Amino acid sequence: MNYWASARAAAGLAREIVPADDLATLLAEISRRHRDSDRFDDVIATCSILVGDTPVGARPHDEVTLHPGDTVELLPPFAGG
């Protein structure tokens, strides 16, 4: 699990290992781990999520299967020009 930009700031770390069989379980676990952060859940709710190089998009999180070694990336919206 990798956090980027404001997700990294809200989590207080860049990376953590979170065992989970599906994305919904993983997201519930990181929410539990970071419940002391006032912003964490709000920031994560705005993130794009990639499993490996594949965007999750609008797929139901409980239908996104995770395998040992998968990397999950949480990418907040970026501004730029």
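The rules behind the values
- Think of each chain on its own: its residues are numbered from 1, step by step along the sequence as written.
- At least 70 in pLDDT is required for a residue's local features to be given in this predicted model, at least 80 for side-chain atom pairs to be given and counted, and no such filter applies to totals for whole chains, interfaces and linings, which use all residues.
- By convention in this description, side-chain values take in all heavy atoms of the structure and omit both hydrogens and water.
- Here, a strand pair is defined by DSSP locating no fewer than two bridges between the strands.
- Strands are runs of DSSP state E lasting at least 2 residues, helices are runs of H or I lasting at least 4, and numbering of each runs from the N terminus.
- Planes of paired rings set the category: under 30 degrees apart is stacked, over 60 is edge-to-face and the rest tilted, where pairs are Phe, Tyr or Trp rings (Trp by its six-membered ring) whose centres lie within 6.5 Å.
- Per-residue accessibility, obtained with a 1.4 Å probe over protein chains only, is compared with the maximum for each type, and a residue is labelled buried under 20%, exposed over 50%, and partly exposed between these values.

**Looking at the sheet that holds strand β4 (residues 72–75)**
One open sheet accounts for 4 strands, arranged β1-β4-β2-β3; its pairing is mixed. On the outer flanks of this sheet lie β1 (2–3) and β3 (54–55), each paired with one strand and no other. By the bridge criterion, 2 bridges tie β1 to β4 in an arrangement that is parallel. Bridge pairing in β4 places N2 opposite E73.

**A short note on the packing of aromatic side chains**
Applying the stated criterion across every chain, the model contains 1 aromatic pair. Ring plane angle 70 degrees and centroid distance 6.0 Å describe the contact between Y3 and F40, whose orientation is recorded as edge-to-face. Taken together, the residues Y3 in strand β1 and F40 in helix α3 (residues 40–45) connect sequence positions 37 residues apart. Given the relative accessible area of 0%, Y3 is considered buried.

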